[in-house]
Amino acid sequence: MNPAEAHILKQSEPFKSIFMHIQVLVEHTLPEVDLLYKWRMPCYYIGKRPICYINKTKDYVDVGFWHSAHLSKKWDAYLITENRKVVKSLRYKTLEDIDDAVFISILKEVDSFKEKGFYRKN
């Protein structure tokens, strides 16, 4: 079994269900992704480019996007920065917190600029 999948399956509820739902959304939306285990958490890559990671922190699941500097401002209401320079994330405490349409739209937008660097060059 893939170490990232093993990590997902060992999570306690409700986090395991959140991880698995996110896994389905990512793999259905971007079928070319690879699920890898990096930095002790599941990370999605397309080729050598990271797309996002899934991490359980405190009482929520954090889905971080490295290329967030390029995201449209319309997602600012959904994304958390917490003084991070590169990564912005979506956070979920329950399965019901996940808005599939928002998640998929952000994921598709991130995929559209996967060839760009993490930082926006003005």
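To start, this report covers the structure provided alongside it. (Residues numbered from 1 in each chain as written. Predicted model: local features only at pLDDT ≥ 70, side-chain atom pairs only at ≥ 80, totals over all residues. Heavy atoms only, no water.)

1. A short note on the overall build of the chain
The condition is simple: Only DSSP runs of H or I reaching four residues or more are called helices, and only runs of E reaching two or more are called strands; each is numbered from the N terminus. In this description the radius of gyration comes from C-alpha coordinates, and the expected globular size is given by 2.2 Å times residues to the power 0.38.
Within the chain, the secondary structure is distributed over three helices and five strands. Along the chain, helices and strands appear, N-terminal first, in the series α-α-β-β-β-β-β-α. Against the compact-globule benchmark of 14 Å for 122 residues, the chain has a radius of gyration of 14 Å, which places it among compact chains. Seen through its C-alpha atoms, the chain measures out along the principal axes to roughly 45 × 30 × 25 Å.

2. Some details on the pairing of strand 1 (residues 34–38)
Working note: regular strand, side chains alternate between the two faces of the sheet. Heads up, the rule is: Only strands joined by at least two bridges in the DSSP assignment are considered to pair.
Sheet topology note: the strand 1/strand 2 (residues 41–46) ladder contains five bridges and is antiparallel. Looking across to strand 2, one finds that Lys-38 is bridged to Met-41. Counting the residues that bridge the hairpin from strand 1 to strand 2 gives two residues, and of these Trp-39 lies at a positive phi of roughly 55 degrees.

3. Quick notes on the pattern of salt bridges
Note the cut-off: Note on definitions: salt bridges are taken to be side-chain nitrogens of Lys or Arg within 4 Å of carboxyl oxygens of Asp or Glu. Summary of the burial criterion: residues with accessible area below 20% of their type's maximum are buried, those above 50% are exposed, and those between are partly exposed, where the area comes from a 1.4 Å probe applied to protein chains only.
If you walk through the whole model with that rule in mind, you get four salt bridges. Between Arg-91 and Asp-62 there is a salt bridge whose closest N-O contact spans 2.9 Å. With Arg-91 in strand 5 (residues 88–92) and Asp-62 in strand 4 (residues 60–65), this pair connects stretches of sequence that are 29 residues apart. For Asp-62, a relative accessible area of 4% corresponds to the buried category. The salt bridge partner of Lys-88 is Asp-76, with a shortest N-O separation of 3.7 Å. Residue Lys-88 is located in strand 5, and its partner Asp-76 is located in the loop between strand 4 and strand 5; the two are separated by 12 residues in the primary sequence. Look at Lys-88 and you get buried, because its relative accessible area is 18%. Connected via shared salt-bridge partners are Asp-62, Glu-82 and Arg-91.

4. A look at the side chain of Glu-109
We count it as follows: His is not counted here, nor are the chain ends, while Lys and Arg score as positive and Asp and Glu score as negative. Within 3.5 Å is the distance limit for a polar contact, defined as a pair of N or O atoms, with the added protein rule that one can donate a hydrogen and the other accept it, and that residues adjacent in sequence qualify only through two side-chain atoms. Throughout, a contact is declared for two residues whenever any of their heavy atoms are within 4.5 Å.
Mapping Glu-109 onto the fold places it in helix 3 (residues 100–112). Here Glu-109 is buried and forms no salt bridge, its nearest opposite-charge partner Lys-74 lying at an N-O distance of 4.8 Å. Here the side chain of Glu-109 touches Trp-75 through a polar contact of 2.8 Å, side chain to side chain. Excluding residues that lie within four positions of it along the chain, Glu-109 makes contacts with His-70, Leu-71, Ser-72, Lys-74 and Trp-75.

5. With respect to the packing of aromatic side chains
Rules: Stacked, edge-to-face and tilted labels apply to pairs of Phe, Tyr and Trp rings (six-membered ring for Trp) whose centres lie within 6.5 Å, assigned for plane angles under 30 degrees, over 60, and everything in between, in that order.
Enumeration according to the criterion identifies four aromatic pairs in this entry. Relative to Trp-66, the ring of Tyr-53 has its centre 5.4 Å away and its plane inclined at 65 degrees; by these criteria the two rings are edge-to-face. Of this pair, Tyr-53 sits in strand 3 (residues 49–57) while Trp-66 sits in the loop between strand 4 and strand 5, placing them 13 residues apart in sequence. Exposure remark for Tyr-53: the relative accessible area of 9% places this residue in the buried category. Taking the relative accessible area as the measure of exposure, Trp-66 reaches 12% and is therefore buried. Geometrically, the ring pair formed by Phe-65 and Phe-103 is tilted, given 6.3 Å between the ring centres and 55 degrees between the ring planes. Taken together, the positions of Phe-65 in strand 4 and Phe-103 in helix 3 put the pair 38 residues apart, joining distant regions of the chain. Residue classification places Phe-65 among the buried residues on the basis of a relative accessible area of 0%.

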